[in-house]
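Report on the structure
One letter stands for each residue in the lines below.
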Amino acid sequence: MQEPEKGNSMKYQDYRSIYNSLNTSKDIDKLTAKGYDNELLVSVFTQKTTREVKKRFYIVKQNACRMLREWKKGRTLLSISEKWRFPPILTAMFIFIEDGASRKEFWEYIREPEKACSDELREEIKEIRNADLVYSPEGNERQRQRGLWGESKLHEWLDGQEITYRTEEDLRGVYEKTPDALLDKPMLYRGKKINWVESKASFGDNTEFKFNSKKQLIPYTKLFGPGLVVYWLGCLDDLEEPEGIYVNDISVMDDKLEYFTE
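What comes next concerns the included structure.

Counting 55 residues, the largest nonpolar core has Leu22, Met67, Trp71, Phe86, Phe94 and Phe209 as the members making the most contacts within it. In terms of residue count, the dominant contributor to this core is helix α3 (residues 38-61) (eight residues).

Here you go:
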């Protein structure tokens, strides 16, 4: 994966302009051509898509019968999803279930289009897979690989300074919640004591940071004390940091930790 430029903190106004411009996956290519980092755009588009899905999931689902009629009349799954401004694979899921398929059967078709009962249906499934950057198997794998990349950058940063730590895997079953790196000894980050570091291979806007803080970061402070979260694809430059939580982007690679002494 290509690394973003160092120092990806961003002003809210600039970020909002990017966010508002990402309405379809095709917009990613347009903005990439203008010089924006592709992985940043994919991350922001993914965040925006999943948020919109949460808002509109049941609204679109309630129209499954209508969408099924359109499909039976010859309209493609992709064109129906575009009409409803909803991810292609989730749109198709509503239609298939309305037509009598189970969720299990539907996802088998998505994973293995060759199981479809006709060449026409097989091609439609391939079409929506290619068009869905978020919910397709390829989209899921890209997100997984991005997460692994972020964790490898974290390990590179800590290992390069010979700082020892325990990983989430090392701590599994020991604590209710575990950060990506629990430091064996407290360290000083820019003069502030930290006990852990969390890796986020995404862009840290206000919504993302508040969600992460509530679900993970604040609980970490209660268990382990203060710590650092790194948004490898960038973050807003004015995030309000809760007590004991510090934020940085990929520019953290230029920082050196110091040992904390009482």
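Okay, the packing of aromatic side chains next. In the structure shown here, the tally under the stated rule is 13 aromatic pairs. Residues phenylalanine 86 and phenylalanine 94 carry aromatic rings whose centres are separated by 5.8 Å and whose planes lie at 25° to one another, so their mutual orientation is stacked. Each of the two residues, phenylalanine 86 as well as phenylalanine 94, counts as buried. Between phenylalanine 96 and tyrosine 109, the aromatic rings sit 6.0 Å apart at their centres with planes inclined by 65°, giving edge-to-face as the arrangement. Of the two residues, phenylalanine 96 sits in helix α6 (residues 88-98) while tyrosine 109 sits in helix α7 (residues 103-111), which places them 13 residues apart along the sequence. Taking relative accessible area as the criterion, tyrosine 109 reaches 21% and is therefore assigned partly exposed. These aromatic residues form a ring-pair network of at least three members: Trp71, Phe96, Phe106, Trp107 and Tyr109. Positioned above the aromatic ring of phenylalanine 211 is the side chain of lysine 54, whose terminal nitrogen or guanidinium carbon lies 5.7 Å from the ring centre.

The rules we used
- Residues numbered from 1 in each chain as written.
- Predicted model: local features only at pLDDT ≥ 70, side-chain atom pairs only at ≥ 80, totals over all residues.
- Heavy atoms only, no water.
- Core = buried A, V, L, I, M, F, W, Y, C linked by side-chain atoms within 4.5 Å.
- Buried < 20%, exposed > 50% of the residue type's maximum accessible area, 1.4 Å probe, protein only.
- Helix = DSSP H or I, 4+ residues; strand = E, 2+ residues; numbered from the N terminus.
- Phe/Tyr/Trp six-rings, centres within 6.5 Å; stacked < 30°, edge-to-face > 60°.
- Lys NZ or Arg CZ within 6 Å of the ring centre and 35° of its normal.

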